[in-house]
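Chain by chain, the residues:
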Amino acid sequence: MSEPVFQPLHITPSDEQRAIQLRRTRLMLVEANAGAAKTTTLALRIAQALARGAPPESLLALTATAPAVTALRERLTAIGVDRSVAEGLRVLTFETFCLDVLAAAEGEASRALVTPEQVRPFVIRAVERAQSLPEERYPDELHGDARPADLVEGLLQAFEVLRGRLVLQQLDPDERLTPAAAESLGFDYLTLRSWQCFEAIRRGGHPDRPDFRTPGDGVHDLARLLLAGEIRPEDGFLQQGLSLVGVDEMHDMNRAAFTVLRALLAANPRAAFVGVGDRDQVIHAQSGAEAGFMGEHFRREIGEPEVLPLTASHRFGPALARHAGALARKPYAASGEARTVVHLEPCPSPRLAAEYIARQAQAHLAQRGPATFRVLLRHPAHSVRIEHELLRLGVAYGTAGFTPFLARPETLLVRGLHAHALGNYAGFDTPERRAALLDAWLLFSGAGIDSVELRHLDRQQAQRVAVAEAAQDLDATRRFIDAHALRSAVPAARRTLEAALALLGTGDDDAFEASFLKVLAPLSLARRVFVREADATRVADNIAQLVQLVLAEGGSIAAAMQLLATLSLRGGEVGRSRARPRVVLSSIEAAKGLEFDHVILPHLTAGEFGGGSLENRNLLYVALTRARQRLTLTFDPERPSRFLRDAGFLE
């Protein structure tokens, strides 16, 4: 009797896909090109397991990111898996899966600290502890000219690598950390000692579980407990009666995730495994991702897999396949089913590029049907002009991977400074809008809430209560800015904000153009708020783009601010729509694993997309290969990006 074969809807699987769907083997790795339907093929393999009678609860699919989870669920329903079954399947990020296992083992979930700003005080405390331990044998290695607060950004970046690569687990348990040992691991002694102290602080608040976890700690903690033998595959937390484990986007796997996967397969010896990935899409190397976990590490530590290919693109046509192959420096074919139009649009300035994109979006919405239109951006600051043009034309849009520019705190600060200086709060007409404005003031002023009535609350709760009360009416909002956001600001921020208010209060448009950015000093202002230099630079870039936008309006600054208020109201109306937007501006990272009918990739100009690093090349490769029917690239013809030539778009 032949086994049942799942027959998908809407697609005819290729021979390569059928082989992956039907092959009975314990360990399978799928080496795929972008656009070769990796996620659809994994969905076929899961659907085939269901057709063979596997209980839905015995199937587990893991991914690196939340968008990849969404993509796999959508592909399952698209190929014909009943929606209720697809929604009931366990399709999870590695982090969510590990946090679930840890909650079961520890009895309760730890509190989550999400932003670098929430984590900063604990990093500072860790450095101070490392520098003051009485038993320290190498104190001279721990002291330099930098203050602990100045080290936070670099340490957080290092901690991400340490966490993903399980660096300290490479030390012999009986070996004490020394400067020489630190150097052999590729880190300085201060970084590793600070990490040890940070981990002691993080895990020291409760006997049974960490006091808090930061993003990535779920995978790291479970991997660490597995390596230490504190959780074992046979204990039951990982024994889940699995018949199939699938991993999508396997090129994003790091050592910690691989350690969990290895234990999971050991705990479920009857489970088949299918991992799919593309070595040229590694864009999370900063957290330890590497393609080796699809190759030599897998063979050495888990077993010899059967390796099957997915070579031909089903997403896009031969022309785009040729360019993607040239950029990735590997053979690349298209299945012949798709035809993708590739168009290069010379745009000598960002303004012209924004106007072109907005017109394209408007034309797209005039067409019938649910076709998707995605603008992929290397930097969020690139969205400012594009969003402005979309709002002017009344084009409904959404964002993915970043906040719309009118809702960003730095935009609210600039508008709020102008409103407070002139007493004109146009656009801040509701308690919700005024609360967002006050949050921006408090963020950049560094002011705290000092209230006897609220001292029983922590700082975040006290701020929420105080802001909500002050946002109820406009007079209370004005008083709050004077009494709290300015009077209680840190001295340097107060001087900056008061100088900006004085400049704006003159109503002198020429003075605004000549001096506002110098007076506000947005990079210095942002550096006092944000831990990561990249975040501070992003804020400064957004403010600079906003000021250029205001100046480009050509009239008075007051009129330009009034226009922003009007556009903000319009954007709020768009944001309240429950319909899924057909036009979306997205970071490249947020689009990974997804596909769209028309993709526009702007600013492929030297110095704007980024340098010639492998990470930037991989990001461009990801961006190009999201397109199905049409790919549009905009660039300054006088300064094209070198990647345009590398990919064969320009001679």
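Further up the page is the structure itself.
Residues numbered from 1 in each chain as written. Predicted model: local features only at pLDDT ≥ 70, side-chain atom pairs only at ≥ 80, totals over all residues. Heavy atoms only, no water.

Peer 1: With reference to specific residues and values, describe the overall build of the chain.
Peer 2: Per the secondary structure count, the chain includes 27 helices and 16 strands. In summary, the chain has a C-alpha radius of gyration of 27 Å against a globular reference of 26 Å for 651 residues, a match within 12%. Its C-alpha atoms give the chain principal-axis dimensions of about 85 × 70 × 45 Å. Within the chain, the fraction of its 651 residues that count as buried is 52%. When contacts within the chain are restricted to residue pairs at least 6 apart in sequence, those whose partners lie at least 24 apart make up 76%. Accessible surface computed for the chain: about 28,100 Å², of which carbon and sulfur atoms make up 50%. (Helix = DSSP H or I, 4+ residues; strand = E, 2+ residues; numbered from the N terminus. Rg over C-alpha atoms; globule rule 2.2 N^0.38 Å. Buried < 20%, exposed > 50% of the residue type's maximum accessible area, 1.4 Å probe, protein only. Contact = heavy atoms within 4.5 Å. Areas by Shrake-Rupley, 256 points an atom, 1.4 Å probe, with all protein chains shown as cover.)

Peer 1: So what's going on with the packing of helix α10 (residues 217-228) against helix α11 (residues 255-267)? Residues and values would help.
Peer 2: Following both chains from N to C, one finds α10 and α11 inclined at 55 degrees, their axes separated by 8 Å at the closest point. Relative to α11, the element α10 is oriented oblique. Seen along the crossing, α10 lies across α11 with a hand that is left-handed. Here V219, H220, L222, A223, L226 and L227 of α10 come into contact with α11, specifically with A256, A257, T259, V260, R262 and A263. A per-class count over the contact of α10 with α11 returns nine nonpolar, two polar and one charged. (Axes fitted to C-alpha atoms, helices over the stretch in contact; angles between N-to-C directions. Parallel < 35°, antiparallel > 145°, perpendicular 65-115°, else oblique. Left-handed = near helix turned anticlockwise from the far one by under 90°. Nonpolar A, V, L, I, M, F, W, Y, C, P; charged D, E, K, R; others polar.)

Peer 1: For helix α21 (residues 509-520), give the residues involved together with the corresponding values.
Peer 2: Owing to its 3.6 residues per turn, the α-helix aligns residues three or four sequence positions apart on the same side. The terminal C-alpha atoms of α21, which comprises twelve residues, lie 16 Å apart, in line with the 16 Å expected from a rise of 1.5 Å per residue. Restricting attention to buried positions, one finds in α21 the residues F512, F516 and L520. When α21 is viewed along its axis, its buried side chains cluster within an angular range of 15 degrees and face the same direction. Of the exposed residues in α21, the ones pointing more than 90 degrees away from its buried face are D510, E513 and K518. (Expected span 1.5 Å × (residues − 1). Arc of directions from axis to C-beta.)

Peer 1: Just give me the short version of the packing of aromatic side chains, but keep the residues and values in it.
Peer 2: This model, assessed by the stated rule, comprises 13 aromatic pairs. Aromatic pair F444 and F530: ring centres 6.3 Å apart, planes at 70 degrees, arrangement edge-to-face. Residue F444 is found in helix α17 (residues 431-445), and its partner F530 is found in the loop between α22 (522-527) and α23 (533-552); the two are separated by 86 residues along the sequence. As far as burial versus exposure is concerned, F444 and F530 are alike and both buried. Pairwise contacts between aromatic rings join F122, F159, W195, F198 and F212 into one cluster. (Phe/Tyr/Trp six-rings, centres within 6.5 Å; stacked < 30°, edge-to-face > 60°.)

Peer 1: Quick rundown of the pattern of salt bridges? Include the residues and the values.
Peer 2: For the structure shown, the criterion picks out 34 salt bridges. The salt bridge involving R203 is made with E199; its shortest N-O contact spans 2.8 Å. In this pair, R203 and E199 both sit in helix α9 (residues 189-203), four residues apart, roughly one turn of the helix. The class of R203 is partly exposed, set by a relative accessible area of 32%. Via salt bridges that share partners, E106, R163, E199, R202, R203, R213, D217 and D221 belong to a single interconnected network. (Salt bridge = Lys/Arg side-chain N within 4 Å of Asp/Glu carboxyl O.)

Peer 1: Describe the pairing of strand β7 (residues 272-277), naming the residues involved and giving the relevant values.
Peer 2: Where burial is concerned, most of β7 is hidden: six out of the six residues are buried. Sheet analysis places strand β1 (residues 27-32) next to β7, joined by five bridges and oriented parallel. Each residue of the ladder has a partner; that of E31, found in β7, is G277. Here four bridges tie strand β6 (residues 244-247) to β7, and the two strands are oriented parallel to one another. Its bridge partner being in β7, V245 is matched across the sheet by F273. In terms of handedness, the path from β6 via α11 over to β7 forms a crossover that is right-handed. (Pairing = 2+ DSSP bridges. Right-handed = clockwise from strand over helix to strand, strands pointing away.)

Peer 1: A description of the sheet that holds strand β8 (residues 306-310) should follow, citing residues and the corresponding values.
Peer 2: Read across the open sheet, the six strands follow the order β3-β2-β6-β7-β1-β8; overall the sheet is parallel. Whereas interior strands pair on both sides, the edge strands pair on one side only; in this sheet they are β3 (90-93) and β8. Taken over all neighbouring pairs, the strand axes of this sheet differ in orientation by 20 degrees on average, direction set aside. Packed onto the sheet, helix α1 (residues 15-22) meets β1 and β8 and runs at close to 150 degrees relative to β8.

Peer 1: Got a sec to walk through the sheet that holds strand β15 (residues 596-601)? Specific residues and values, please.
Peer 2: Each strand in a sheet pairs with another by means of backbone hydrogen bonds, the pair being arranged parallel or else antiparallel. One open sheet holds the six strands; their spatial order is β11-β16-β15-β12-β14-β13, and the pairing between them is parallel. Lying at the two open borders of the sheet, with one neighbouring strand each, are β11 (341-346) and β13 (398-400). The average angle at which neighbouring strand axes cross in this sheet is 20 degrees, direction not considered. Relative to strand β16 (residues 627-635), β15 is paired through five bridges, and the arrangement is parallel. Opposite V599, over in β16, you have L631 as the bridge partner. Packed on one face of the sheet, helix α15 (residues 383-392) meets β12 (373-377), β13 and β14 (583-587) and runs near 170 degrees to β14.

Peer 1: How would you explain the packing of helix α5 (residues 94-106) against α11 if you had to name every residue and give the values?
Peer 2: Interhelical geometry of α5 versus α11 gives an angle of 60 degrees and a closest axis separation of 11 Å. Our classification of the angle between α5 and α11 gives oblique. Seen from above, α5 lies across α11 with left-handed handedness. The segment α5 lies against α11, with F94, F97 and C98 engaging A257, V260, L261 and L264. Here the residues of the contact of α5 with α11 sort into seven nonpolar, no polar and no charged.

Peer 1: Now, about the pairing of β6: what can you tell me, with residues and values included?
Peer 2: Across the two faces of β6 the burial is the same, with L244 and G246 and V245 and V247 all buried. Sheet topology note: the strand β2 (residues 59-63)/β6 ladder contains four bridges and is parallel. From the neighbouring strand, A61 faces β6, where its bridge partner is G246.

Peer 1: Hey, could you go over the side chain of R193 for me, with residue numbers and the actual values?
Peer 2: Along the chain, R193 turns up in helix α9. Apart from the residues within four sequence positions on either side, R193 is in contact with A130, L133, E136, L142 and L177.

Peer 1: A description of the nonpolar core should follow, citing residues and the corresponding values.
Peer 2: Burial of nonpolar side chains together is a common tendency in soluble globular proteins. In terms of nonpolar packing, the biggest core is built from 70 residues, with L417, W441, F516 and L520 touching the most fellow members. Filtering out sequence-adjacent residues up to four positions away, W441 remains in contact with L413, G416, L417, H420, I481, A485, L486, L497 and L501. L166, V247, M253 and L264 belong to the second-largest nonpolar core, a separate cluster that totals 37 residues. (Core = buried A, V, L, I, M, F, W, Y, C linked by side-chain atoms within 4.5 Å.)

Peer 1: How would you explain the environment of V276 if you had to name every residue and give the values?
Peer 2: With respect to the element layout, V276 can be found in strand β7. For the pair formed by V276 and K38, sequence separation is 238 residues and the distance between their alpha carbons is 6.3 Å.

Peer 1: Which residues make up α15, and what values do they have?
Peer 2: Counting buried residues along α15, nine of its ten residues qualify, which places the element largely inside the surrounding structure. Burial in α15 covers these residues: S383, V384, R385, I386, E387, H388, E389, L390 and L391. G394 sits one or two residues past α15 and shows a positive phi near 75 degrees.

Peer 1: Please give an account of the environment of L620 that cites residues and values.
Peer 2: With respect to the helices and strands, L620 occurs in helix α26 (residues 614-624). We classify L620 as buried; its relative accessible area is 2%. Along the backbone, L620 and A647 are 27 residues apart, and their C-alpha atoms lie at a distance of 9.9 Å. Excluding its chain neighbours within four sequence positions, the residues that come into contact with L620 are L327, L601, L604, F609 and F643.

On their own, these measurements won't tell you what the molecule is for.
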